[in-house]
Structures are given as structure tokens and as C-alpha cells.
Number of protein chains: 2
Amino acid sequence: MMSSEAGKVGPDHVVMSVDEVRELALKVLLQAGLSREQAGPVAEVITAGERDECHSHGLYRLPGCVETVRHPRFVPDAVPVITEQSASVVRADARFGYSLPAFERALPTVVRQAREVGVSVLAINDCFHFAALWPEIEAITAHGLAAIAMTPNHCWVAPTGGTRPILGTNPFAFGWPRGGDRPYVFDFATSEIARGDIALHKLAGKPIPLGWGIDQAGQPTTSAAAALAGAMLPFGGYKGSALATMVELLAGPLIGDLTSMESTAFDGGVNAAPCHGELIIALDPAFLGGGRTAAGHQGAEALFAAITGQGARLPSQRRYEARERSMKDGVRVSRALHERIIALLDGPQ
Amino acid sequence: MMSSEAGKVGPDHVVMSVDEVRELALKVLLQAGLSREQAGPVAEVITAGERDECHSHGLYRLPGCVETVRHPRFVPDAVPVITEQSASVVRADARFGYSLPAFERALPTVVRQAREVGVSVLAINDCFHFAALWPEIEAITAHGLAAIAMTPNHCWVAPTGGTRPILGTNPFAFGWPRGGDRPYVFDFATSEIARGDIALHKLAGKPIPLGWGIDQAGQPTTSAAAALAGAMLPFGGYKGSALATMVELLAGPLIGDLTSMESTAFDGGVNAAPCHGELIIALDPAFLGGGRTAAGHQGAEALFAAITGQGARLPSQRRYEARERSMKDGVRVSRALHERIIALLDGPQ
């Protein structure tokens, strides 16, 4: 999969241009019955994931997106409804389609509000959600704004000190605009590791490190299968567990939407993408800087220079480097995955 | 003043009522030259820290508060200026006094804004800061609001992958209202451990666990002195490091205030409390619930029940238990600390 052979195809991978990835994703999603409004933004973030070598959010997600369309509550031609609830709150009712079209429709209002009053809270409700948060964060930082985003998930993670899965992997993401196309961005699961990584270890028959999960008896385990059947663990002990709980509360109950436990119940065993809410807070440094915005940006840049100047990496550095490579040389997709996706096109829809 | 009444003292500690703690703290702070407006809220959070057995934020902080008054830029009778910058942004200019009087003056406006438009961002600027964040979080949740708070510090923490201290211990706090006086609240340093804990190990001549800090050569160390001279480490690896960076950016450059590196430079070797900004975001579940607020609160309570029901603890449980004990039986203050504080009263001011 990561072989270094040149050429358009290798024995175990296919090389595709970024445009070809987008085209393939769009074709698959439209054939699965999604409207163009739903399929477009989904294809876009899958392409961005593949391009940035975040493979777990790239084409790898496409079969799951097609599966999700079959959930009885999923609305494949949902048209999101955007409401300005106040001068600083935007609601995006996803109408049980994907989260991404709702975000896309809401973005211009969020940007305008943040510029006008300094802050805009975006509450996305009733959305099926599978995407990484960094594409949305980047879409906001492109307008010169800082942003926080978070969303729950299905309940796969035990709280620190507990034994049963009640929290989601609950990603938390943040971005800071740097004037160019390389904002400071991070986006991490509040679990020790992504669920997909444990699943890959199970597939490969490899043990997992201690600390990733516990078995159904609540005991530490190195068995990927046991951890998937038991519970994943938060990162960073009780602090990560507290953060994961905050994500539940802010992107769930605060905006009148579901916790990860409720999302799993809603799924009803279909194993679709989780359906719940998402919270985004956009903040405008130009407004909030209170006359000292330029000094603020200088302080931020001095901080970044101090991080990279001592050999530490900024969180998105790897993604930006991958992006540059992919735009020039295309992306390598494993042949097995590629065949699985092509089969989606051929399969009975 | 505290007397050494029979039954109230032990060989190595003094027992004081919560009211006596407040009275002593206030007396010391007023004698150090603070105005009543500055001294009152500072005495209040020191009392709250002692009451909740967060000793590192209790009376232990009082000598440092007196030291800080001597910083050439500190204004002991500062009168904070509160401005409504927009329908959802409040600025509190602390005028180089403590952060707490600025927060206290701004709170009613923050609460009103959050209720009117769903969110209120409070930017506290130019404040000397030594306090835990949970007293402010509790003051906000008491009004039925959720809140996030964060603040930088002096630069004591190396980024993950780095060797030099450029980040603060950067606390991050969150609260969710539960209708009574026991909100869900957490408040943690984004460093692996509090700086005070390393200092206490140094005092006791005890080694520190690996992972708390690195020496000046950037090597892992079990020497408390070496870690204090070198750098502390973030909690949770690169994720904690990213969070600490977010705190720098949001509570610093975003609101036109200092990063931890800049705060250390501002201190100029005086070793006073750090002077910088603080960011608070208050969010109203009644407004943001979009007609489903009651269901949201039920979902939140079901989550808390699932956490405690499996034997895990809520983050503030220990504090609330200590609070109950202290209100009934008073607090135990080490004799050494008590004598040090009494000496502040007797010493030349």
C-alpha cells in the first residue's frame, strides 16, 4: 500500500489524480441515491482526506457512506434549513441528511456573524456524521477566523475509571488563521486511538498496545477483538475523559441533540454513520483583538516559530506536506479498496 | 484573627472555619495594599480553594498574591472597566489589577448576553492571574449556563517533540449546569502535572515520575530540580500539546493579549503572578436547545448517571465532598503555612 514504485499502477495499488478521486466518489454517491446537494460536499471531504493522506477519512469511508444511505431515517435528498436564531447563533437543520451540506449552506452566515459581532455559534442538528472536522475548520480559517468544532459519535469509549462504553470517540478540532493557506489546525479523537486503527489491527491479526482498550470484563487487553467488543479508552487519562464528556454535552444536550449513547440507540443496530449534532464556534481575531489584533498575530507567529524552531511539529504539517505531494503526483489507493469501490458501482442499487 | 484556642490546634496544623480563612486572607491582602475591590474577590477564591481542599489554590497562594502586589506594573487599586463590544462580546479591562474583580464586574453582563443571544464571549485583558478557573465556572453555571474558560501562564512547558519551555501550564475549564449547586465542572492544567506539585517534590527531596518533565538538555528526568530548570511536559502527548497551544492562541492573541512567552518577558524576573488575558465563553442551553432543551438536560443527566453508575467519578466530586466537610468541620491549615501567613501581617509593609 505504501510501496515506493512509480507509475500509474502497482501490483497492490492504483495511482489516481485528486480530480479522479473526486469524480469517483461523486459517481458512487450519486448512484447510491444521494441528491447532488448531498453528494457534492461528501465527495469533497472524502477527496480532501485522500489528498492529505488521512486515509481513514478518504476513499476508505465511501462504502460506509453508501451503507448509511440505507438507514431508515436517512434522507438522501435532504435540503438543510439555515436559521439565524440571533446575531451570533446560526442553526443548521440537516434534516437527517449528511452534516456537510448543512455546514456548507450555513458557512456564509457564520462568517458574516463572526465579523459583525465577534463570535458565531453554529449548531448543526439531526445530521448523519462521518467526516473529519478539519475540512470545516480550514473552510472557516480561510476567512480569517479562528474556530473550534466538536461532535459526539456512537458510544465506544469508557470513561476513565469505568468499564463500559458510554462516550464517543468525540473529536475536538481547532484552527487559527495565519493569513495564508496553512492555518494552524488540529483535529483529534478524545479516545487514545481511532476506532479504525483498532479495526485494522484486528484485520491484520496484530495485538494492540495496552492503553487502547479494555475487554468486556473491564480488564486491560492487547486483543483488538476484545477491545472492540469491550470499550476503547480516552487519551490522557481523566483529563481526556473529561474533554470527551464536554464534547458530549456541548455538541449534544446544549444544542438539543443526542449524546453518543442516544446516537447508538438511534442507530438501532444498522451500523450507519452516527446521527446527532455538531457544534462550531467561530471567533474573529480582528474583532476580538480590541485594537491589538496585529500584536496578537505577531505573538501567535512567534509561538509557532518557537515550536518549529526547536524541532517540534505543528499538528497539520504532515497533512500539508501530503497535500503538496498529492496535488503533484496523485494519490495511491490500495487495489483492494479500489476494487471494493468499483464493485459499489457495479452492484445492485 | 486566628487565635490558638484549645481544641482548634494540632501539633502540625491549625483548624480554621471557612469564615476565619476568608477573614485572614482579606486582612493580609488589605494590609499588602490592595483596595477593597481587589482584595475581596481574591480572598473569596482563596477561601473557596481552601474550603474545597484544592490546597494549591488556597491559603498557600496568599504569600504569592502579596509578592505580586510589588510588581512595578501591578495596580493595587485598579478599577476594572467593562465594555459591551457587541451583543455577544464583553471586554473586561482589568487595568493591571487581578483578574477576579474584572470577572466579578463583568459577570452580570455576560449572563444577560448569553440569555439574550445564546452566547457571550468574555475577554479579560491586562490582568494578573493566579486563580483556579473553577470558581468562575461555578459562578456562571449558577445562572443555568454552560461555560468554557482558559488562560495562559508563564512559559514552563515544552511542546511535545520539543525541548524548551514555551507554553504555559494553560488551564482549561468547563462547566455544565445541573439545576442544583453541584454542576458538572472540570478544570485542569494542560501540563502533565501542576508546577506546584513538582516544586513540592523538590522541597521534599523526592524524585518525580518520568513524564512530568525534561532537563535542560531535553532529556527525560526524575529530578524535580532538573525539571523545574528544564521544562515541564504536556499531558496526553501531542494532543495535550495542541490543546495547550489552543489556550495560548484563544486567551492570548485572539483577544489582543500576551502568550505565555510574552508573559514571562513582561514579568521581567520579578516572579509575580503572570499578567495576560483570560477567555470565557458562556453558552445558554435554554436558548441553544432550539426547543429541545428539556430532552437535552435529560440526555446529560443520563450520561452522568452512566458515568457514576459504573464506578467512575465526576471531575468535581472530590471537591464537593471536601466542601461539605469544610463547611461543617472547618479546614486544617499546616502550622508552617499558617505561621508564614501570620508573618505577612507582622512583617514590614
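For the structure itself, look to the data block above.
Criteria and cut-off values
Residues numbered from 1 in each chain as written. Chains lettered and ligands numbered in written order. Predicted model: local features only at pLDDT ≥ 70, side-chain atom pairs only at ≥ 80, totals over all residues. Heavy atoms only, no water. Helix = DSSP H or I, 4+ residues; strand = E, 2+ residues; numbered from the N terminus. Rg over C-alpha atoms; globule rule 2.2 N^0.38 Å. Contact = heavy atoms within 4.5 Å. Least-squares fit on C-alpha atoms with pLDDT ≥ 70 in both. Pairing = 2+ DSSP bridges. Axes fitted to C-alpha atoms, helices over the stretch in contact; angles between N-to-C directions. Core = buried A, V, L, I, M, F, W, Y, C linked by side-chain atoms within 4.5 Å. Buried < 20%, exposed > 50% of the residue type's maximum accessible area, 1.4 Å probe, protein only.

S.K.: Looking at this structure, how should I read the overall build of chain A?
M.R.: Across its full length, chain A holds 13 helices and eleven strands. The globule rule puts the C-alpha radius of gyration for 349 residues at 20 Å, and the 20 Å found for chain A is close to it. Seen along its three principal axes, the alpha-carbon backbone of chain A occupies a region of about 55 × 50 × 50 Å. Of the contacts formed within chain A by residues at least 6 apart in sequence, a portion of 67% connects residues at least 24 apart.

S.K.: When you look at the relation of the copies chain A and chain B in this model, what are you seeing that I'm missing?
M.R.: Copy one and copy two of the chain differ by a rotation about a common axis and a shift along it. Expressed as a screw operation, the relation of chain A to chain B combines 0.0 Å of axial shift with a rotation of 180°, fitting to an RMSD of 0.0 Å. Such values leave the two copies arranged in the relation of a two-fold axis. Closest approach to the rotation axis within chain A is made by the C-alpha atom of G236(A), at a distance of 2.0 Å. Residue by residue, 100% of the interface of chain A is reproduced at the interface of chain B, so both copies engage with the same surface.

S.K.: Looking at this structure, how should I read the sheet that holds strand β5 (residues 146-150) of chain B?
M.R.: Strand pairing in a sheet relies on backbone hydrogen bonds. The paired strands run either parallel or antiparallel. Residue and element names in this part refer to chain B. Spatially, β2-β3-β4-β10-β5-β6-β7 is the arrangement adopted by the seven strands of the open sheet, whose pairing is mixed. Two strands lie at the open edges of the sheet, namely β2 (81-86) and β7 (184-188), each paired on one side alone. Strand after strand, the sheet turns through a mean of 15° between neighbouring axes, direction not considered. Two elements, strand β6 (residues 172-176) and β7, share five bridges in a ladder whose sense is antiparallel. Opposite W176, over in β7, you have Y184 as the bridge partner.

S.K.: How should the nonpolar core be read in this particular structure?
M.R.: Looking at soluble globular proteins, one finds that nonpolar side chains tend to be buried together. Counting 92 residues, the largest nonpolar core has F172(A), M246(A), L250(A), F172(B), M246(B) and L250(B) as its most contacted members. Ignoring any residue separated from it by four or fewer positions in sequence, one finds F172(B) in contact with L243(A), M246(A), L133(B), I148(B), A149(B), M150(B), F186(B), D187(B), F188(B), T190(B), M246(B) and V247(B).

S.K.: Please clarify how the sheet that holds strand β6 (residues 172-176) of chain A should be interpreted in this entry.
M.R.: All names here are of chain A. Pairing is mixed across the open sheet formed by seven strands, whose spatial order is β2-β3-β4-β10-β5-β6-β7. The sheet terminates laterally at β2 (81-86) and β7 (184-188), the two strands that pair on one side only. The average undirected angle you get between the axes of adjacent strands in this sheet is 15°. With eight bridges joining them, strand β4 (residues 119-128) and strand β10 (residues 275-283) adopt antiparallel strand pairing.

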